[in-house]
Amino acid sequence: MIKLIFCLRRKEGMSVAEFQCYWSQTHAPLVARHKDVLGIRRYVQSHSRESALSVMIGASRQGDAKEPAAPYDGVAELWYDSIEAMTANADNPDVKAAGKALLDDEAKFIDLANSPIFLSEEIEVI
(Lines give C-alpha, C1' and ligand atoms only; values in the text may rest on other atoms or scores of the structure.)
Protein backbone atom coordinates (compact mmCIF):
# COMPACT_ATOMS: atom_id res chain seq x y z
CA MET A 1 0.00 0.00 0.00
CA ILE A 2 1.28 3.45 -0.97
CA LYS A 3 0.05 6.69 0.57
CA LEU A 4 0.12 10.16 -0.86
CA ILE A 5 0.45 12.52 2.12
CA PHE A 6 -0.62 16.15 1.71
CA CYS A 7 0.20 18.54 4.60
CA LEU A 8 -2.31 21.36 4.18
CA ARG A 9 -2.21 25.03 4.95
CA ARG A 10 -5.31 27.10 4.25
CA LYS A 11 -5.41 30.00 1.83
CA GLU A 12 -4.71 33.41 3.31
CA GLY A 13 -7.85 35.13 4.58
CA MET A 14 -9.68 31.88 5.31
CA SER A 15 -10.42 30.91 8.91
CA VAL A 16 -9.62 27.43 10.18
CA ALA A 17 -13.35 26.74 10.50
CA GLU A 18 -14.02 27.88 6.91
CA PHE A 19 -11.12 25.79 5.64
CA GLN A 20 -12.15 22.65 7.47
CA CYS A 21 -15.81 23.04 6.48
CA TYR A 22 -14.95 23.46 2.79
CA TRP A 23 -12.48 20.59 2.92
CA SER A 24 -14.92 18.14 4.53
CA GLN A 25 -18.19 19.29 2.98
CA THR A 26 -17.15 20.29 -0.56
CA HIS A 27 -13.78 18.76 -1.40
CA ALA A 28 -14.27 15.34 0.24
CA PRO A 29 -17.35 14.49 -1.87
CA LEU A 30 -15.38 15.52 -4.98
CA VAL A 31 -12.57 13.10 -4.05
CA ALA A 32 -15.16 10.39 -3.40
CA ARG A 33 -16.74 11.03 -6.79
CA HIS A 34 -13.39 10.50 -8.56
CA LYS A 35 -11.99 7.70 -6.40
CA ASP A 36 -12.60 4.86 -8.84
CA VAL A 37 -11.10 6.52 -11.92
CA LEU A 38 -8.06 7.62 -9.86
CA GLY A 39 -7.64 4.27 -8.10
CA ILE A 40 -7.95 5.76 -4.60
CA ARG A 41 -8.50 2.94 -2.10
CA ARG A 42 -8.86 5.08 1.01
CA TYR A 43 -9.04 8.82 1.75
CA VAL A 44 -8.52 10.17 5.26
CA GLN A 45 -8.66 13.77 6.44
CA SER A 46 -6.94 14.68 9.72
CA HIS A 47 -8.15 18.11 10.87
CA SER A 48 -5.89 20.05 13.21
CA ARG A 49 -7.21 21.06 16.61
CA GLU A 50 -6.04 24.22 18.29
CA SER A 51 -5.22 23.80 21.93
CA ALA A 52 -2.66 24.82 24.51
CA LEU A 53 -1.30 21.27 24.37
CA SER A 54 -0.75 21.52 20.58
CA VAL A 55 1.15 24.79 21.05
CA MET A 56 3.26 23.27 23.83
CA ILE A 57 4.08 20.14 21.80
CA GLY A 58 4.97 22.25 18.75
CA ALA A 59 7.19 24.54 20.79
CA SER A 60 9.05 21.57 22.25
CA ARG A 61 10.01 20.40 18.74
CA GLN A 62 11.32 23.70 17.32
CA GLY A 63 14.91 23.33 18.46
CA ASP A 64 17.00 26.35 17.49
CA ALA A 65 14.60 27.68 14.85
CA LYS A 66 14.44 31.49 14.81
CA GLU A 67 10.77 31.38 13.83
CA PRO A 68 8.49 28.41 14.39
CA ALA A 69 7.01 26.90 11.26
CA ALA A 70 3.39 27.75 10.61
CA PRO A 71 1.21 24.84 11.71
CA TYR A 72 -0.64 22.70 9.22
CA ASP A 73 -4.40 23.00 9.17
CA GLY A 74 -4.72 19.33 8.37
CA VAL A 75 -3.26 16.33 6.63
CA ALA A 76 -4.83 14.35 3.79
CA GLU A 77 -3.90 10.73 3.15
CA LEU A 78 -4.79 9.06 -0.13
CA TRP A 79 -4.14 5.31 -0.27
CA TYR A 80 -3.31 3.37 -3.44
CA ASP A 81 -2.51 -0.31 -4.06
CA SER A 82 0.93 0.55 -5.47
CA ILE A 83 2.85 3.25 -7.31
CA GLU A 84 2.21 1.29 -10.50
CA ALA A 85 -1.53 1.27 -9.86
CA MET A 86 -1.41 4.99 -9.05
CA THR A 87 0.31 5.88 -12.33
CA ALA A 88 -0.96 3.14 -14.67
CA ASN A 89 -3.63 5.24 -16.38
CA ALA A 90 -1.94 8.64 -16.28
CA ASP A 91 -2.64 9.23 -20.00
CA ASN A 92 -6.33 8.33 -19.70
CA PRO A 93 -8.44 11.46 -20.41
CA ASP A 94 -10.79 10.58 -17.52
CA VAL A 95 -7.85 10.40 -15.11
CA LYS A 96 -6.51 13.72 -16.36
CA ALA A 97 -9.94 15.36 -16.03
CA ALA A 98 -10.41 14.00 -12.49
CA GLY A 99 -6.94 15.18 -11.45
CA LYS A 100 -7.61 18.63 -12.89
CA ALA A 101 -10.98 18.85 -11.11
CA LEU A 102 -9.33 18.06 -7.78
CA LEU A 103 -6.43 20.48 -8.32
CA ASP A 104 -8.78 23.28 -9.42
CA ASP A 105 -10.85 22.76 -6.28
CA GLU A 106 -7.76 22.57 -4.03
CA ALA A 107 -6.66 25.96 -5.34
CA LYS A 108 -9.85 27.43 -3.86
CA PHE A 109 -8.96 26.61 -0.23
CA ILE A 110 -5.36 25.34 0.03
CA ASP A 111 -2.16 27.41 -0.01
CA LEU A 112 -0.64 25.00 -2.52
CA ALA A 113 2.81 26.62 -2.56
CA ASN A 114 3.17 26.04 1.21
CA SER A 115 1.51 22.64 1.47
CA PRO A 116 4.04 19.83 0.94
CA ILE A 117 2.93 16.61 -0.70
CA PHE A 118 4.88 13.34 -0.83
CA LEU A 119 4.58 9.58 -1.33
CA SER A 120 5.10 7.25 1.59
CA GLU A 121 5.07 3.61 2.46
CA GLU A 122 3.59 2.83 5.83
CA ILE A 123 5.67 0.81 8.29
CA GLU A 124 3.53 -0.25 11.21
CA VAL A 125 5.41 -0.27 14.52
CA ILE A 126 2.68 -0.65 17.16
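Residues numbered from 1 in each chain as written. Predicted model: local features only at pLDDT ≥ 70, side-chain atom pairs only at ≥ 80, totals over all residues. Heavy atoms only, no water.

Before going further, it helps to spend a moment on the overall build of the protein chain. Each helix and strand in the protein chain was counted, giving four helices and four strands. Within the protein chain, contacts between residues at least 6 apart in sequence are counted, and of these 87% link residues at least 24 apart. A total accessible area of about 8,600 Å² is found for the protein chain, and carbon and sulfur atoms account for 56% of it. (Helix = DSSP H or I, 4+ residues; strand = E, 2+ residues; numbered from the N terminus. Contact = heavy atoms within 4.5 Å. Areas by Shrake-Rupley, 256 points an atom, 1.4 Å probe, with all protein chains shown as cover.)

A few words now on the sheet that holds strand β2 (residues 42–47). In space, the four strands of this open sheet follow the order β2-β3-β1-β4, with antiparallel pairing throughout. Edge positions in the open sheet fall to β2 and β4 (117–121), since each of these has one partner strand only. When strand polarity is set aside, the average angle formed by the axes of neighbouring strands in this sheet is 20°. Alignment of β2 against strand β3 (residues 74–80), held across six bridges, turns out to be antiparallel. Considered in β3, the bridge of Gln45 is made with Ala76. Packed onto the sheet, helix α1 (residues 16–38) meets β1 (2–8), β2 and β3 and runs at close to 170° relative to β2. (Pairing = 2+ DSSP bridges. Axes fitted to C-alpha atoms, helices over the stretch in contact; angles between N-to-C directions.)

Before going further, it helps to spend a moment on the environment of Val95. Its location among the elements puts Val95 in helix α4 (residues 93–109). With residues up to four places along the chain from it excluded, the contact list for Val95 reads Val37, Leu38, Asn89 and Ala90.

Consecutive residues of a regular strand have side chains that alternate between opposite faces of the sheet. Within β1, seven of the seven residues are buried, which leaves the element mostly enclosed by the surrounding structure. For β1 and β3, the ladder comprises seven bridges, and the chain directions are antiparallel. Residue Leu8 lies in a different strand from β3, and its bridge partner there is Gly74. The pairing of β1 with β4 spans five bridges and is classified as antiparallel. Considered in β4, the bridge of Ile2 is made with Glu121. (Buried < 20%, exposed > 50% of the residue type's maximum accessible area, 1.4 Å probe, protein only.)

Working definition: two side chains of opposite charge can pair if their charged atoms are close together. The final tally for this structure, using the stated rule, is six salt bridges. Arg41 is the partner of Asp81 in a salt bridge, and the nearest nitrogen-oxygen pair spans 3.2 Å. On the criterion of sequence distance, the pair formed by Asp81 in the loop between β3 and α3 (83–87) and Arg41 in the loop between α1 and β2 is long-range, its members being 40 residues apart. According to the relative accessible area criterion, Arg41 is exposed, its value standing at 56%. (Salt bridge = Lys/Arg side-chain N within 4 Å of Asp/Glu carboxyl O.)

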